[in-house]
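Analysis of the macromolecular model
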Amino acid sequence: MSNAPQSPVDWSDTPDPHDDAPSRPRVDFWSVLRVAVYVAGLLSLATWGYYAWPFPMPGLLFVIGAPLFAAVVFFLFRSTRSPIETDIVGKTIVEVALIVAAGGAWISIGHPVVGLVFVLVAATSGVVTFRRETR
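Read on for a plain summary of the structure. Here the structure is a predicted model, which is why all the values come from computation and not from measurement.

Under the criterion given, the structure shown has 3 salt bridges. Between R132 and D28 there is a salt bridge; the shortest N-O distance is 2.6 Å. Residue R132 is located in helix α4 (residues 112-133), and its partner D28 is located in the segment before α1 (29-52); the two are separated by 104 residues in the primary sequence. The class for R132 is partly exposed, based on a relative accessible area of 28%. Ionic pairing is found between R78 and E95, a salt bridge with its closest N-O pair at 2.7 Å. On the criterion of sequence distance, the pair formed by R78 in the loop between α2 (59-77) and α3 (88-108) and E95 in helix α3 is long-range, its members being 17 residues apart. With relative accessibility at 7%, the residue R78 sits in the buried group. Several salt bridges converge on common partners, so that one network encompasses R34, R78 and E95.

Written as structure tokens, this is what we have:
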């Protein structure tokens with residue numbers, strides 16, 4: 001073992017104490033709005049399944065199946081922890097399809113204003129997120 005003195009700038013063996021600190025996700029207005037849009041989209045699809053189809057069958061299948069399908073597609077292609085590597089164009093296509101489906105669900109059950117407001121809020125949130133992701 002060498003007893004050579006360590007120089008003040010030789011930090012190769014000393015770990016940086018800040019490297020082990022977990023990075024916290026940034027929580028701001030846009031990230032909260034983003035989560036609210038996702039939850040509202042899933043609830044919109046469930047509402048569509050309830051009002052657009054006769055209950056209990058096939059209505060119950062659509063109340064559960066439509067939001068579940070959207071959540072699985074979102075997880076596989078758009079989520080930050082997605083198991084399938086997708087470029088930004090693919091992520092945008094998936095997100096636009098899901099948002100249009102949720103907005104279209106409101107329009108199809110007779111609430112076009114709710115559907116259009118949802119699509120506008122989701123599009124604004126999506127543009128801000130896209131700009132942040134491409135920095």
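On the surface, Y50, Y51, F55, M57, L60, L61, I64, L68 and V72 cluster together into a nonpolar patch covering about 960 Å² of accessible area. Within the residue set of the nonpolar patch, elements represented by two or more residues are α1 and α2. Element by element, the count of residues in the nonpolar patch is highest for α2, at 5 residues. Mapped onto the elements of the fold, Y51 is located in helix α1. Judged by relative accessible area, which is 59%, Y51 ranks as exposed.

Conventions and cut-offs
- Residues numbered from 1 in each chain as written.
- Predicted model: local features only at pLDDT ≥ 70, side-chain atom pairs only at ≥ 80, totals over all residues.
- Heavy atoms only, no water.
- Salt bridge = Lys/Arg side-chain N within 4 Å of Asp/Glu carboxyl O.
- Helix = DSSP H or I, 4+ residues; strand = E, 2+ residues; numbered from the N terminus.
- Buried < 20%, exposed > 50% of the residue type's maximum accessible area, 1.4 Å probe, protein only.
- Patch = residues over 30% accessible without salt bridge, like charges linked within 9 Å, V, L, I, M, F, W, Y side chains within 5 Å.
- Areas by Shrake-Rupley, 256 points an atom, 1.4 Å probe, with all protein chains shown as cover.

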